[in-house]
Amino acid sequence: MAISRQTERKFRGICYYVASWMIASVGLSALQSYSMTGHVDLFSLLFMLQFSLFMGFSHGIYDIVILKDEMDGRSVWTAMFVRSIYFLSAISANLILCILLLRIKEGEGIINEEGFQSVFDIFKTTGFQVQLAAFFITGYIITFIRSVHKKFGRRVFWNTLMGKTQEPVEEDLVFMFIDLRSSTSICEELGNYKYSCFIKDYYRLLSNCCEENHGEIYQFAGDGVFITWKTNDCQKKARPLDLFFDFKEALFHTRRKFLRKYGVAPDFKAAVHCGKVISTEVGNFGSEMAYHGDVLNTTARIQSLCSKLGQEFLISEELFGKFPLPLPHGFLCSKAGSFELRGKKNAILIFSLQTPLTDYDD
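In this text, all values refer to a predicted model and were calculated from it rather than measured experimentally.

Here's the deal with the overall build of the chain
Here is step 1 of the chain: Helix and strand counts for the chain stand at 13 helices and 8 strands.
Here is step 2 of the chain: Over its C-alpha atoms, taken along the principal directions, the chain stretches across nearly 80 × 45 × 40 Å.
Here is step 3 of the chain: Counting all 362 residues of the chain, 44% fall into the buried class.
Here is step 4 of the chain: In the chain, once contacts between residues fewer than 6 apart in sequence are set aside, the share between residues at least 24 apart is 70%.
Here is step 5 of the chain: Carbon and sulfur atoms make up 59% of the accessible area of the chain, which amounts to about 19800 Å² in all.
Here is step 6 of the chain: Across the chain, 39 positive and 38 negative side-chain charges occur, with their mean positions spaced 3 Å apart.

Laid out in structure tokens, this is it:
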């Protein structure tokens, strides 16, 4: 049985924490033993490998499962205090567990006097206390790196890490523009503050679906968002269709929560198109990726036809011909017609896509 894309996203997140703790713990241990003895102690490395597996898994569970892979919504000082208590508790507990596992005695198991004495002796040493502080800082660094990666995306993150900028380069990309339906009336009904909370919850679901389908959020534009993929990736798998289906399903399953909290549930319309653009990183302080070309404008204009045609998902002929067949999730495709879009010399053939999910009842 294939795992869901949501489970796959969470699994990748936990793997990040495990791998990060393995690299940091084993690396620190190797440097410490080499600086003190002139060689790397294999026993210490094996001990730290075991510790890093436990610590990485527990760190991943805390951030991915308990915090649901989101930023902590509490005040800065409260969030820092809670996370600090967690790090100190988790590091100490995992180190104690690893020490006790090394002192297992036949007939007595993991709970024995020698094991507890070893824990007491090790915790008293200055070297261990320094190591505890190093692991505490490591926990914050690992959390910081993943937070930055989530906030800025892969490309800007790696460019920032390497101290380079993305020079202008031509790329063939797929763009998807998703727009919230009836956003103006919802804003008037809820008021500014409540609408801001509403749109935040809406975008949280969308960004999760985007990550699960390997998309990159290019730009939030009020109540709309541009998402992009490399065209070659979408030729192997129709990722925009997967994203549309997953987001529709996510909104369907959270509909009652939105109604209880806001009195209104979100719905959206979308369009996808592809073409060549120039991608570059712009700005020095507060830089971001930018895509230059008419593909974005064309995608937005195709999406504007959704209301006119009474459709929720439109796709250009150029991109439709690149998707593998049959279409996933039982998508049905029909010609919506040829349209002359503003700024385009030639008419563009547009297809509409419908998914069976829209026929579900509450």
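Here the narrative resumes, following the displayed structure.
Here we look at helix α2 (residues 42-66)
Here is step 1 of the chain: Given a rise of 1.5 Å per residue, 25 residues ought to cover 36 Å, and the 35 Å separating the end C-alpha atoms of α2 matches this to within 8%.
Here is step 2 of the chain: Trailing α2 by a residue or two, lysine 68 shows a phi angle of about 60 degrees, which is positive.

Comments concerning the environment of cysteine 15
Here is step 1 of the chain: Along the chain, the position of cysteine 15 falls in helix α1 (residues 5-37).
Here is step 2 of the chain: Note: C-alpha distance between cysteine 15 and glycine 56 (41 residues apart in sequence) is 8.0 Å.

Structural notes on the packing of helix α7 (residues 192-212) against helix α9 (residues 239-253)
Here is step 1 of the chain: Where α7 meets α9, the axes come as close as 9 Å, and the angle between the chain directions of the two elements is 145 degrees. For the crossing formed where α7 meets α9, the hand is right-handed. Only Leu243, Asp246, Phe247, Ala250 and Leu251 of α9 make contact with α7, whose side of the interface consists of Tyr202, Leu205, Leu206, Cys209 and Cys210.

Some points on unusual backbone geometry
Here is step 1 of the chain: Residue leucine 325 is joined to proline 326 through a cis peptide bond whose omega torsion reads 0 degrees.
Here is step 2 of the chain: If you trace the backbone, proline 326 turns up in the loop between α13 (317-320) and β7 (332-339).
Here is step 3 of the chain: Phi is positive for histidine 214, close to 60 degrees, though the residue is something other than glycine.
Here is step 4 of the chain: Positionally, histidine 214 belongs in the loop between α7 and β2 (216-221).
Here is step 5 of the chain: Residues other than glycine seldom take positive phi values, yet histidine 329 does so here, at roughly 60 degrees.

Description of the layout of surface pockets
If you roll a probe as big as a water molecule over the atoms, it shows you where there is empty space left.
Here is step 1 of the chain: There is about 800 Å³ of room inside the second largest pocket.
Here is step 2 of the chain: Of all the secondary structure elements, the ones that give two or more residues to the lining of the second largest pocket are α1, α7, α9 and α10 (255-262).
Here is step 3 of the chain: A class-by-class count of the residues in the lining of the second largest pocket yields 6 nonpolar, 5 polar and 13 charged.

Considering a nonpolar patch on the surface
Here is step 1 of the chain: Among the surface-exposed residues, Leu42, Leu46, Leu49 and Leu53 lie close enough to one another that they form a single nonpolar patch of about 370 Å² accessible area.
Here is step 2 of the chain: Within the secondary structure, leucine 53 is located in helix α2.

Quick look at the side chain of aspartate 242
Here is step 1 of the chain: Within the secondary structure layout, aspartate 242 lies in helix α9.
Here is step 2 of the chain: The class of aspartate 242 is buried, set by a relative accessible area of 2%.
Here is step 3 of the chain: When residues no more than four places from it in sequence are discounted, the contact partners of aspartate 242 are Arg5, Asn213, Lys237, Pro328 and His329.

Points about the nonpolar core
Burial of nonpolar side chains together is a common tendency in soluble globular proteins.
Here is step 1 of the chain: Membership of the largest hydrophobic core comes to 45 residues, with the highest contact counts inside it found for Met176, Ile178, Phe198, Tyr202, Ile227, Phe247 and Phe313.
Here is step 2 of the chain: Ranked by residue count, the leading element in this core is α7, at 9 residues.
Here is step 3 of the chain: Filtering out sequence-adjacent residues up to four positions away, tyrosine 202 remains in contact with Ile178, Asp179, Leu180, Phe247, Leu251, Phe258, Pro266 and Phe268.
Here is step 4 of the chain: Membership of the second largest hydrophobic core comes to 24 residues, among which are Phe51, Tyr62, Ala90 and Cys98.

What counts, and at which threshold
Residues numbered from 1 in each chain as written. Predicted model: local features only at pLDDT ≥ 70, side-chain atom pairs only at ≥ 80, totals over all residues. Heavy atoms only, no water. Helix = DSSP H or I, 4+ residues; strand = E, 2+ residues; numbered from the N terminus. Buried < 20%, exposed > 50% of the residue type's maximum accessible area, 1.4 Å probe, protein only. Contact = heavy atoms within 4.5 Å. Areas by Shrake-Rupley, 256 points an atom, 1.4 Å probe, with all protein chains shown as cover. Lys, Arg positive; Asp, Glu negative; His and termini not counted. Charge placed at Lys NZ, Arg CZ, Asp CG, Glu CD. Expected span 1.5 Å × (residues − 1). Axes fitted to C-alpha atoms, helices over the stretch in contact; angles between N-to-C directions. Left-handed = near helix turned anticlockwise from the far one by under 90°. 1 Å grid on protein atoms, 1.4 Å probe; cavity = no way out; pocket = protein on both sides within 12 Å on 5 of 7 lines; lining within 4 Å. Points joined across faces, edges and corners; volume = space filled by probe spheres on them. Nonpolar A, V, L, I, M, F, W, Y, C, P; charged D, E, K, R; others polar. Patch = residues over 30% accessible without salt bridge, like charges linked within 9 Å, V, L, I, M, F, W, Y side chains within 5 Å. Salt bridge = Lys/Arg side-chain N within 4 Å of Asp/Glu carboxyl O. Core = buried A, V, L, I, M, F, W, Y, C linked by side-chain atoms within 4.5 Å.

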